[in-house]
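Tertiary structure, described
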Amino acid sequence: MKKIYLLAIVGITVMLASCGHGGQGELVGAYNRKFKNDRIPLGMVYVPPGHTPLGGSDEDITFSQNGPSKMVTISAFFMDQTEISNAEYRQFTNWVRDSIAIGMMGNPQQFMITPKGNAANAVGGDKYIDWKKVGPNGANIWRNKGKGAAAAQASQLDGMYYSGLDALPGKKELDVRKFVYSYAELNMEKAAAGHKDPNSKRQDYIDRYSVAIYPDTMVWKTDYSYSQNDPMVRGYYNHPSYDDYPVVGVSWEQAKAFSHWRTRLYDGVATARKLPAGTRSDYRLPAETEFEYAARGGNTKTKYPWGGPYIRNTKGCLQANFKPGRGDYSSDGGIYTVGVRSYFPNDYGLYNMAGNVAEWTITSYNKGASPLLHDLNPNFTYDAGPNDSKYKKRKVVKGGSWKDTGYFLQNAVATYEYQDTQRSYIGFRCVSSYPGTDLRH
């Protein structure tokens, strides 16, 4: 009798379960894991979607007609609140340095450390090299202690240092030319053009890169003739005083490599925390229109990111870091660059969207492309190869810099630089598309 009752209970349970959860052949969907899509990434701000005119809003003193006004719609995205700083970019170069060292030493457990109290420094549980143990002094200690295996592992890093005539007498310095980051990504333009070809393969649309990622600190000399900038060459990237200053001497190609690594950094930690896949869109450089849209801070037809038509506020203070007069670099409070959180942010909470350093965008520079652009998330891109003409390697630069006059600080003004070129006045910040319509709804 008990068996009959038990079977009856099981039968009723199955029937209720099938009725309540789409049984009997009903379509119920295969949902991904639920997660709350309202978390703003650390150090970023939310830029809501909108429909607005972009382009020239004031006099065109050069008659360049670079930015004709056009009504566009921009999707929501996250944007770094500040330019990428030296300290933030150094996290990237340190990761590449340690990855190369770990590969050279095999499995150097006795030389490894795990970052403490800072999950941002770990990529899915990755460990880092303790350079106090394997650096010049540390390696000698292992050798002097007579620990053969450890000393042999430490000595394997000798190839990472300048040697021979490249080395300064009495110094053992890491050869930063060997800090190369290799990565691959799916080229959407190629895939869109050829994915329906039955003879095509996915590998046809994958681009592979190897990028030397250390900033060119010599830009402080090469950008200026007969100028005493030697202290900036030696100290700007590595001295603690400049930790929170914007990184410069970084090409468009290096900025793009950083964006790929930053995506990998987050994905690794997300996997370790068992977060659902694809919870955040990839990091990337902003499109020219995204940069201008964000710089306006939700205001329409404004000349500068702070909203008003004037470069000084009501108290007479300059509102950005630029060159306000002939040879006058100091009136705005900074002779070169200033900290990434200097001056007041715009209405979206973004700092230095004009001045300090000009910034790379993902957009290719082509004055004739404007009439062809769509009015929804417009952008023009071209993936220039090593053998392409230099004119195809031009990328749009926005915002103006510490060495520019006020004209270049206007929201609608754009210039360009070649994608493989580093400058002492160009930096960057990242964006990440919002995976949805609007965070506010």
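Everything that follows concerns the structure shown earlier in this document.
Cut-offs used in this document
- Residues numbered from 1 in each chain as written.
- Predicted model: local features only at pLDDT ≥ 70, side-chain atom pairs only at ≥ 80, totals over all residues.
- Heavy atoms only, no water.
- 1 Å grid on protein atoms, 1.4 Å probe; cavity = no way out; pocket = protein on both sides within 12 Å on 5 of 7 lines; lining within 4 Å.
- Points joined across faces, edges and corners; volume = space filled by probe spheres on them.
- Nonpolar A, V, L, I, M, F, W, Y, C, P; charged D, E, K, R; others polar.
- Helix = DSSP H or I, 4+ residues; strand = E, 2+ residues; numbered from the N terminus.
- Axes fitted to C-alpha atoms, helices over the stretch in contact; angles between N-to-C directions.
- Parallel < 35°, antiparallel > 145°, perpendicular 65-115°, else oblique.
- Contact = heavy atoms within 4.5 Å.
- Pairing = 2+ DSSP bridges.
- Salt bridge = Lys/Arg side-chain N within 4 Å of Asp/Glu carboxyl O.
- Buried < 20%, exposed > 50% of the residue type's maximum accessible area, 1.4 Å probe, protein only.

Further remarks concern empty space enclosed by the protein. Taken as a whole, this structure holds 2 cavities of 30 Å³ or more when the rule is applied. If you trace the largest cavity, you find it lined by Asn 86, Pro 215, Asp 216, Thr 217, Val 219, Trp 220, Met 232, Tyr 236, Tyr 237, Val 248 and Gly 249. In terms of residue class, the lining of the largest cavity is made up of 7 nonpolar, 3 polar and 1 charged. Here the second largest cavity defines a volume of roughly 40 Å³. The greatest single-element share of the lining of the second largest cavity, amounting to 3 residues, is contributed by helix α10 (residues 288-295).

Here we come to the packing of helix α2 (residues 86-105) against helix α9 (residues 252-272). Where α2 meets α9, the axes come as close as 11 Å, and the angle between the chain directions of the two elements is 80 degrees. One way to sum up the angle between α2 and α9 is to call them roughly perpendicular. Where α2 approaches α9, its residues Glu 88, Tyr 89, Gln 91, Phe 92 and Trp 95 are matched on the opposing element by Gln 254, Ala 257, Phe 258, Trp 261, Arg 264 and Leu 265. Here the contact of α2 with α9 is built from residues that sort into 7 nonpolar, 2 polar and 2 charged.

One open sheet holds the 4 strands; their spatial order is β12-β11-β10-β13, and the pairing between them is mixed. Two strands bound the open sheet, and with one partner strand each, they are β12 (414-418) and β13 (426-427). Summarising the sheet, strand β10 (residues 358-364) and β13 pair through 2 bridges and their orientation is parallel. Bridging from a neighbouring strand, Glu 359 pairs with Gly 427 of β13.

Let us look at the sheet that holds strand β4 (residues 77-80). Ordered in space as β1-β4-β14-β9, the 4 strands form an open sheet in which the pairing is antiparallel. Here the strands that pair on one side only, and so sit at the sheet edges, are β1 (44-47) and β9 (283-284). Where β1 and β4 come together, 4 bridges link them in antiparallel fashion. In the strand pairing of β4, Val 47 is matched with Phe 77.

Right, let's talk about unusual backbone geometry for a bit. Look at Lys 301: it is not a glycine, yet its phi comes out positive at around 55 degrees. By the secondary structure assignment, Lys 301 is in the loop between α10 and β10.

A few words now on the pattern of salt bridges. On inspection of all chains with the given rule, the structure shows 17 salt bridges. Linking Glu 290 and Arg 284 is a salt bridge whose minimum nitrogen-to-oxygen distance equals 2.9 Å. Take Glu 290: its relative accessible area is 9%, and that puts it in the buried class. Of the charged contacts in the structure, one is a salt bridge between Arg 296 and Glu 292, with a shortest N-O distance of 2.8 Å. What makes Glu 292 buried here is its relative accessible area of 5%. Here the salt bridges share partners, and the residues they tie into one network are Asp 166, Asp 175 and Arg 177.

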